[in-house]
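As a plain string of letters, each chain reads:
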Amino acid sequence: MHDVYQFVSGPLAWVAFLLFIGGSLYRIIAMLAEVKEKEPFIFTYMSLKYSLRSILHWITPFATYNWRRNPVLTVVTFVFHICLFACPIFLLAHVTLWDEAWDIRWWTLPDAVADVMTVIVIACCLFFLIRRVTQREVKFVTYPSDYVILGIVAAPFLTGFLAYHQWFTYPVFMILHVLAGEVMLAAIPFTRLSHMLFSPFTRAYMGSEFGVIRKSKDY
Amino acid sequence: MAEPAVTQDQEKEEEQKVVDDGIDVGISRLTTDKIETVINQVLKTETGARLKTYVNTCIHCGLCSEACHYYMSHDKDPKWSPVGKVKQTIWEMIRKKGRLAPEEIRRVVEIAHTECNLCRRCLQFCPFGIDIAYLISMARRICHKLGVTPKYIQDTAHSHSVSMNQMWVKGDEWPDTLQWQEEEARGEFPTLRIPLEKEGADIMYSVIAPEPKFQAQLIYQAAAIMETAGVNWTMPADKGWDNSDMAMFTGDNEIMGRIKRSHFETAVRLRVKRIVMGECGHAFRSVYDTGNRWLGWSHPPIPIVHAIDFYYELLKENRIPIKEKFKEPVTLHDPCNVIRGGGLMEKSRYVAHALCDTVVEMHPNREYNYCCCAGGGVINCGPPYKLKRVKSNKVKAEQLMEARTRGAKVIISPCHNCHSGLKDIKNYYDLHMDIKFFGDIIYQIMEKPE
Ligand code: HEM
Ligand code: SF4
Ligand code: SF4
Ligand code: SF4
């Protein structure tokens, strides 16, 4: 058991981070290179002011027309994404790992808070799942891959929660947790989770088009 | 037991299976191999990172759905939602690597040409700013290259190609119409001229071809306004006078480029300072946003001024003396292509308030307005799709009805397509409202020689 843990938290972790960082850079650079080659006119219209106007509106809850029209989803998605980032980054146990391995450390969340955030992420995933099954307009455009993606995101939180509370065999869930986290990281550049990488660009472009050419709001 | 009324209605719609030679004959010539070649050619060589990123980034959340009047008017049936329509067209092409059967192309044409107005409202709703109108226009481009485009709109594209105008207006028909309107107008305005080919004029005034063809009085009115405001203007005597562009909507980018070039070059030949265009939305999109870019101009090479903007200028400078403001309460339709696409919402309101006593706002308005369901070439696909078009904009009818209960009697629609589209909607839903252009109202209320 110990060997397995050593393996998933050692070499596999390297692989996961390499895939995540390398893959992300590759996806972004490949995209920009293709724009430069085939659609360079896009760069002509990019405007910092309108890019920021668009991005800032969309990352602020209720700052856009459509966020205001969907209050429940807005709250869920913002809470979800905030917890999704904050929880793993500021978890004491994770920061300790960084500290031990690289001698770097930063601010951490109290464990009880991180625990609640974990539950929130899982609950939000459930919300997305239910929405996907019950809302006709979501169901119509749902593919099996959408459930897989949702599973990939929920898994590290679910296993982390179980490992932390040691309700079942701790070492098994610890290993599963590390694995699930690695799968999620590695999946970001190569699945629709890449919306994390591309959304700033698509937003900036649409913001620029609306600001520079159409002189109206894209939010 | 199902509700009989609904069932009958559904049956009726199914009975009305559209016969459209442009599609039927086109499809009969297709094979899966040919379809595969064309789709992959367009997807690989004509599109790039933009299309790929839009497709890969879409998280399938459905948040764009309620932007669309088709979706809202069909009891939120997801097959009409923006992302639902992309799913049935572009995603399907990518998933099947281009190998679609000819009958599957029929559905693609129907969606791309008659179930989306390219009104870009959904672009404002998607959290990622995914350009669904662009994706649907790529589907149209593919249909164009496959030779399946609804017949009526294809005919207008042919007309553009042959005569450089949308309505097969023949060489001498154009100056004759202008001369005729000039003569008529001189009865009312003795010194009025429609100056042809006046080099160095401040303004070239361009119109869409339906004006000389069916609505010559609009040219009369424009001339009357120019005369009254003392504008130094001109119109070209030959090709290049038509600013409309149905090729843009059939995906025939090459012809779009040709007609836009002719329009711009005519203005350059006449050495005018600006082009002022009549009250048309799609023409504005073509001249200001789409056509110029296809030709490689990041911005129009000559300033483009839409009629709303022009009237705003004239009214602001008090250049049109008004006898008495328009009495009947009006409501203002915001045409997507000049409002969401050109930012003229406040100027449009300035003009409306300068001309009319009472302006009743519809909701939602300004850049959030619902499209009229005629734009994007949908009305130009002709009578076979008229019923679908009016039924697909129940929400607009409700919006208008609501404005009417608050007193609005007249709809002002500064766009030709919207004008015709709203007229069909008002007739189908028995709305009993009048529809006018700004030009109609200005002409009616301005001071004229005794
Ligand atoms: C800063 C980066 C990110 C932005 C701006 C962003 C934005 C969004 C938006 C706008 C939605 C659609 C609204 C909704 O359905 O909730 C969404 C959904 C989602 N995002 Fe993100 N996201 C980001 C990063 C991530 C990351 C890193 C992950 C996971 C690894 C993730 C996972 C999800 C999931 C699972 C959904 C819900 C999909 C569904 O409805 O099934 N997001 N995101
Ligand atoms: S009609 Fe307008 S809102 Fe509907 S899908 Fe097309 S562009 Fe989007
Ligand atoms: S709102 Fe945007 S991301 Fe969501 S389904 Fe529509 S196009 Fe896709
Ligand atoms: S016809 Fe009018 S409302 Fe409709 S798309 Fe064009 S500008 Fe928009």
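Residues numbered from 1 in each chain as written. Chains lettered and ligands numbered in written order. Predicted model: local features only at pLDDT ≥ 70, side-chain atom pairs only at ≥ 80, totals over all residues. Heavy atoms only, no water.

Draft legend 1. Focus on the overall build of chain B. A count of helical and extended segments in chain B gives 21 helices and eight strands. Expected size for 450 residues packed as a compact globule is a radius of gyration near 22 Å; at 22 Å, chain B falls within 12% of this value. Judged by the C-alpha coordinates and their principal axes, chain B covers about 70 × 50 × 40 Å. Across the 450 residues in chain B, those meeting the buried criterion constitute 64%. Just so you have it, chain B exposes about 16700 Å², and 52% of that area is on carbon and sulfur atoms. Once the 60 positive and 60 negative side-chain charges of chain B are each reduced to a mean point, those two points are 4 Å apart. (Helix = DSSP H or I, 4+ residues; strand = E, 2+ residues; numbered from the N terminus. Rg over C-alpha atoms; globule rule 2.2 N^0.38 Å. Buried < 20%, exposed > 50% of the residue type's maximum accessible area, 1.4 Å probe, protein only. Areas by Shrake-Rupley, 256 points an atom, 1.4 Å probe, with all protein chains shown as cover. Lys, Arg positive; Asp, Glu negative; His and termini not counted. Charge placed at Lys NZ, Arg CZ, Asp CG, Glu CD.)

Draft legend 2. View of the domain arrangement of chain B. All names here are of chain B. By the assigned domains, chain B splits into domain 1 (20-149), domain 2 (154-314) and domain 3 (322-445). Taken over C-alpha atoms, the centre of domain 1 sits 32 Å from the centre of domain 2. Looking at the side of domain 1 facing domain 2, the largest losses of area belong to R120, R141 and H144, adding up to 55% of the total buried there. Where domain 1 touches domain 2, the interface holds two salt bridges. Between R141 and E254 there is a salt bridge, and its shortest N-O distance comes to 2.9 Å. Across the domain 1-domain 2 interface, the total number found is five residue pairs in polar contact (both at pLDDT 80 or more). Tallying contributions element by element places helix α8 (residues 132-146) first for the side of domain 1 that touches domain 2, with three residues. (Domains from an automatic or database assignment. Buried area = accessible area lost by both parts, 1.4 Å probe. Salt bridge = Lys/Arg side-chain N within 4 Å of Asp/Glu carboxyl O. Polar contact = N/O pair within 3.5 Å; in protein donor to acceptor, adjacent residues only side chain to side chain.)

Draft legend 3. Summary view of the coordination of the iron atom of ligand 1. At 2.0 Å from the iron atom of ligand 1 lie its protein donor atoms, namely H81(A) (NE2) and H195(A) (NE2). Look at H81(A) and you get partly exposed, because its relative accessible area is 30%. (Donors = N, O, S within 2.8 Å, 3.2 Å for Na, K, Ca; no water.)

Draft legend 4. How the structure looks around the site of ligand 4. Around ligand 4, a shell composed of H333(B), P335(B), C336(B), N337(B), C371(B), C372(B), G375(B), C415(B), N417(B) and C418(B) is seen. Residue classes in the shell around ligand 4 are distributed as six nonpolar, four polar and no charged. (Near = heavy atom within 4 Å. Nonpolar A, V, L, I, M, F, W, Y, C, P; charged D, E, K, R; others polar.)

Draft legend 5. Molecular detail of the site of ligand 2. Lining the immediate surroundings of ligand 2 are C68(B), H69(B), P82(B), K85(B), C116(B), N117(B), L118(B), C119(B), R120(B) and C122(B). In terms of residue class, the shell around ligand 2 is built from six nonpolar, two polar and two charged.

Draft legend 6. Structural view of the environment of I425(B). Along the chain, I425(B) turns up in helix α20 (residues 416-428). Judged by its relative accessible area of 1%, I425(B) is buried.

Draft legend 7. The packing of aromatic side chains, seen in detail. In this structure the tally under the stated criterion is 22 aromatic pairs over all chains. Each ring, one from W58(A) and one from W67(A), has its centre 5.4 Å from the other, and the planes form 70 degrees; the classification is edge-to-face. Site record: aromatic cluster; members linked through ring pairs are F17(A), W98(A) and W106(A). Lying over the aromatic face of Y65(A), R69(A) brings its terminal NZ or CZ to 5.9 Å of the ring centre. Residue placement shows K87(B) over the ring face of Y143(A); its charged tip is 5.6 Å from the ring centre. (Phe/Tyr/Trp six-rings, centres within 6.5 Å; stacked < 30°, edge-to-face > 60°. Lys NZ or Arg CZ within 6 Å of the ring centre and 35° of its normal.)

Draft legend 8. Inspection of the side chain of E182(A) at higher detail. Residues and elements named next belong to chain A. Of note, E182 is situated in helix α11 (residues 170-187). Notably, E182 is buried but unbridged: the nearest opposite-charge side chain belongs to R27, and the N-O separation is 20 Å. Excluding residues that lie within four positions of it along the chain, E182 makes contacts with V8, S9, L12, A13 and A16. (Contact = heavy atoms within 4.5 Å.)

Draft legend 9. Quick look at the pattern of salt bridges. Throughout the structure, instances matching the rule amount to 47 salt bridges over all chains. Here R214(A) makes a salt bridge to E209(A), at a shortest N to O gap of 3.4 Å. Here R214(A) falls in the buried class, since its relative accessible area comes to 3%. Residue R261(B) is joined to E265(B) by a salt bridge in which the shortest nitrogen-to-oxygen separation is 3.9 Å. With R261(B) and E265(B) both in helix α14 (residues 253-269), this residue pair falls four residues apart, about one helical turn.

Draft legend 10. Fine view of the packing of helix α1 (residues 2-9) of chain A against helix α2 (residues 11-38) of chain A. Residue and element names in this part refer to chain A. Interhelical geometry of α1 versus α2 gives an angle of 25 degrees and a closest axis separation of 3 Å. The angle between α1 and α2 falls in the class roughly parallel. In this structure, α1 contributes Q6, F7, V8 and S9 to the contact, and α2 contributes P11, L12 and A13. (Axes fitted to C-alpha atoms, helices over the stretch in contact; angles between N-to-C directions. Parallel < 35°, antiparallel > 145°, perpendicular 65-115°, else oblique.)

Draft legend 11. Representation of the sheet that holds strand β5 (residues 330-332) of chain B. All names here are of chain B. Spatial ordering of the open sheet is given by β6-β5-β7-β8, a layout of four strands whose pairing is parallel. Where the open sheet ends on each side, the last strands, each with one partner, are β6 (359-360) and β8 (434-436). In the sheet, β5 pairs with strand β7 (residues 410-412) via three bridges, with the strands oriented parallel. Bridge pairing links L332 to I412 in β7. (Pairing = 2+ DSSP bridges.)

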